[in-house]
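Structural characterization, general
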Amino acid sequence: MRKAALYNEDFLEWTQQQAEYLRAGYWPGLDVENLVEELEALGRSEQRELGSYLQILLMHLLKCQYQPERRTKSWEDTLSNCRDKIQDCLEDTPSLQRFLEDPEWLGKYYRRACREAVKETNKPAETFPAKCPYTLEQILDPNFLA
């Protein structure tokens, strides 16, 4: 079966075949184009996972700061869990740290967190700062707003 056809028709079989070819050093059998595509997608997936945890964490920080009277144990658990998951991401893939340090990347997830905080708190969007009010150290600090 042609390399690309197997990729499109049975992805699991394709991955197993490609892994076998890599282990054996059988370079002619490799579906390089699709391997490159999948490797790039894995990197994007890692970024999205980190961003997802960051967005949830930021939303809960905003809720804790701007609606402290409604704070629950569940919010505290979410803060702790997201911080742990972010730490896990950074330990597994240290190069992700550069995304957290990128103001534009952080800003994207902060804006999404604000949008969710507006929905969850029923407060006007103007309640929340336009730019992330927290430093990276505060965001990751297990004692900050905990």
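Predicted model only: the values in this text are computed from it and were never measured.

What counts, and at which threshold
Residues numbered from 1 in each chain as written. Predicted model: local features only at pLDDT ≥ 70, side-chain atom pairs only at ≥ 80, totals over all residues. Heavy atoms only, no water. Helix = DSSP H or I, 4+ residues; strand = E, 2+ residues; numbered from the N terminus. Contact = heavy atoms within 4.5 Å. Salt bridge = Lys/Arg side-chain N within 4 Å of Asp/Glu carboxyl O. Buried < 20%, exposed > 50% of the residue type's maximum accessible area, 1.4 Å probe, protein only. Patch = residues over 30% accessible without salt bridge, like charges linked within 9 Å, V, L, I, M, F, W, Y side chains within 5 Å. Areas by Shrake-Rupley, 256 points an atom, 1.4 Å probe, with all protein chains shown as cover. Lys, Arg positive; Asp, Glu negative; His and termini not counted. Charge placed at Lys NZ, Arg CZ, Asp CG, Glu CD. Axes fitted to C-alpha atoms, helices over the stretch in contact; angles between N-to-C directions. Parallel < 35°, antiparallel > 145°, perpendicular 65-115°, else oblique. Left-handed = near helix turned anticlockwise from the far one by under 90°. Nonpolar A, V, L, I, M, F, W, Y, C, P; charged D, E, K, R; others polar.

1. Let's talk about the side chain of Gln18
Turning to its location among the elements, Gln18 is positioned in helix α2 (residues 11–24). Once residues within four sequence positions are removed from consideration, Gln18 is found in contact with Gly29, Leu30, Asp31 and Leu35.

2. Let's talk about the environment of Glu104
Within the secondary structure, Glu104 sits in helix α6 (residues 103–121). Sequence separation between Glu104 and Ser80 is 24 residues; the distance between their C-alpha atoms is 25 Å.

3. Focus on the side chain of Gln55
If you trace the backbone, Gln55 turns up in helix α3 (residues 32–66). Beyond its immediate stretch of four places on either side in the chain, Gln55 contacts Tyr109, Arg112, Ala113 and Glu116.

4. Quick look at the pattern of salt bridges
Evaluated as defined, the whole model comprises 4 salt bridges. Glu116 is the partner of Lys119 in a salt bridge, and the nearest nitrogen-oxygen pair spans 3.2 Å. One end of the pair is Lys119 and the other is Glu116, both in helix α6 and 3 residues apart, which spans about a single turn. The exposed category is assigned to Lys119, whose relative accessible area is 54%. Overall, Glu116 belongs to the partly exposed group, its relative accessible area being 24%.

5. Some thoughts on a negative patch on the surface
Taken together, the side chains of Glu49, Asp84, Asp88, Glu91 and Asp92 define an acidic patch exposed on the protein surface. A total of 4 residues in the negative patch trace back to one element, the largest contributor, which is helix α4 (residues 73–92).

6. Considerations on the packing of α3 against α4
Closest axis-to-axis distance for the α3/α4 pair is 9 Å, and the angle between their directions is 150°. In terms of orientation, α3 and α4 fall into the roughly antiparallel class. At the point where α3 passes α4, the crossing takes the left-handed sense. Every residue of α4 that contacts α3 at Glu49, Leu50, Tyr53, Leu54, Ile56, Leu57, His60, Leu61, Lys63 and Cys64 is listed here: Trp75, Thr78, Leu79, Cys82, Arg83, Lys85, Ile86 and Cys89. In terms of residue class, the contact of α3 with α4 is made up of 12 nonpolar, 2 polar and 4 charged.

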